[in-house]
Amino acid sequence: MLDKILHDFLIIWATIDPIGTMALFTGLTLKLTAEQRKKTAYKTIFYALLILTGSIIVGQLLLGAMGISLISFQVAGGIILFLLGLQMIFSNGNQEETGEPLHDISVFPLAIPATASPGAILAVILITDNNIYTIKEQVVTSLTMLFVLLITLALLLLSTRIIRVIGNGGASLLTRIMGMILAALSVEFIMKALGIAKWVGTQ
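Residues numbered from 1 in each chain as written. Predicted model: local features only at pLDDT ≥ 70, side-chain atom pairs only at ≥ 80, totals over all residues. Heavy atoms only, no water.

Asker: Residues and numbers for a nonpolar patch on the surface, please.
Answerer: On the surface, a cluster of nonpolar side chains totalling about 460 Å² of accessible area is made up of Ile 135, Val 139, Leu 143, Leu 146 and Leu 150. Inspection of the secondary structure puts Leu 143 in helix H7 (residues 135-157). (Patch = residues over 30% accessible without salt bridge, like charges linked within 9 Å, V, L, I, M, F, W, Y side chains within 5 Å. Areas by Shrake-Rupley, 256 points an atom, 1.4 Å probe, with all protein chains shown as cover. Salt bridge = Lys/Arg side-chain N within 4 Å of Asp/Glu carboxyl O. Helix = DSSP H or I, 4+ residues; strand = E, 2+ residues; numbered from the N terminus.)

Asker: Could you give me a rundown of the packing of helix H3 (residues 34-65) against H7, with the residues and numbers involved?
Answerer: In contact at an axis separation of 10 Å, H3 and H7 are set at 160 degrees when each is read in the N-to-C sense. With respect to each other, H3 and H7 are oriented roughly antiparallel. Considering only the axes of H3 and H7, their crossing is right-handed. The segment H3 lies against H7, with Lys 38, Ala 41, Tyr 42, Thr 44, Ile 45, Ala 48, Leu 49, Leu 52, Thr 53 and Ile 56 engaging Ser 142, Met 145, Leu 146, Leu 149, Thr 152, Leu 153, Leu 156 and Leu 157. Of the residues that constitute the contact of H3 with H7, the class distribution is 13 nonpolar, four polar and one charged. (Axes fitted to C-alpha atoms, helices over the stretch in contact; angles between N-to-C directions. Parallel < 35°, antiparallel > 145°, perpendicular 65-115°, else oblique. Left-handed = near helix turned anticlockwise from the far one by under 90°. Contact = heavy atoms within 4.5 Å. Nonpolar A, V, L, I, M, F, W, Y, C, P; charged D, E, K, R; others polar.)

Asker: Quick rundown of unusual backbone geometry? Include the residues and the values.
Answerer: If a residue is not glycine, its phi is most likely negative; likewise, a peptide bond is most likely trans. In this model, Phe 108 is joined to Pro 109 through a cis peptide bond whose omega is 10 degrees. If you check the backbone angles, Asp 17 has positive phi at about 55 degrees while not being a glycine. Within the fold, Asp 17 resides in the loop between helix H1 (2-16) and helix H2 (18-28). Look at Asp 17 and you get buried, because its relative accessible area is 11%. (Buried < 20%, exposed > 50% of the residue type's maximum accessible area, 1.4 Å probe, protein only.)

Asker: Describe the pattern of salt bridges, with residues and values.
Answerer: Scanning the model with the defined rule gives two salt bridges in all. Notably, a salt bridge pairs Lys 43 with Asp 104, separated by 3.0 Å at the nearest N-O pair. Of the two residues, Lys 43 sits in helix H3 while Asp 104 sits in the loop between helix H4 (70-90) and helix H5 (106-115), which places them 61 residues apart along the sequence. Overall, the relative accessible area of 25% leaves Lys 43 in the partly exposed class. Residue classification places Asp 104 among the partly exposed positions, given a relative accessible area of 31%.

Asker: Please set out the environment of Gly 170 residue by residue, giving values where relevant.
Answerer: Its location among the elements puts Gly 170 in helix H8 (residues 159-194). When the C-alpha atoms of Gly 170 and Ile 19 are compared, they prove to be 9.8 Å apart, with 151 residues separating the residues in sequence.

Asker: Could you give me a rundown of helix H6 (residues 118-126), with the residues and numbers involved?
Answerer: Burial analysis of H6 places seven of its nine residues in the buried class, which makes it a mostly covered element. Listed as buried for H6 are Gly 119, Ala 120, Leu 122, Ala 123, Val 124, Ile 125 and Leu 126.

Asker: Which residues make up the confidence of the model for the chain, and what values go with them?
Answerer: Confidence along the chain averages 82 in pLDDT terms, with 89% of residues attaining 70 or more. No element of the chain has a lower mean pLDDT than H8, which averages 78, and none a higher one than H7, which averages 96. Ignoring residues within four places in sequence, the model shows residues 95-102, a span with pLDDT below 50, making four contacts including any to other chains. (pLDDT = per-residue confidence, 0-100.)

Shown next, in the form of structure tokens:
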């Protein structure tokens, strides 16, 4: 169980990318007051939680209704997660957003696609597969996801101080490291889906 918790934590952390979300949050809320920034942070995590929880509950039902086999979804998901990892590694770190006065940035782009990213939605569906994991394991995964979101919330609330300490270069470096981890985990997804993990001596 501990191995699964660690495995799920790394996947969810890499796909949600709290460091990247924090950097984006900092850039988009520079002109807001302290109270507005706090409110935006809470709303961002709340919306992201709703999206990811909904994905866990109905994600597989939608797949079944569309006639998509799990192995196809796992392979496709692994490829997408790999591309997401590459994007994190080779991103130039520039975030270009159009600031619209009446646009709620806590919904877009902060909740989705920054926090509840396509990769995160895909990941939580895969690691709560009803055919592989028990209800207990799915609950543990959901709690792990909640824990990562709470860490993300803490980072958002402390974003200005943290960025001031580690600098943009430090944030960029950490994002790239998580990209490397995500790319490696995505390869594991594909190998397990195709049943070739044992060929290379993985467990």
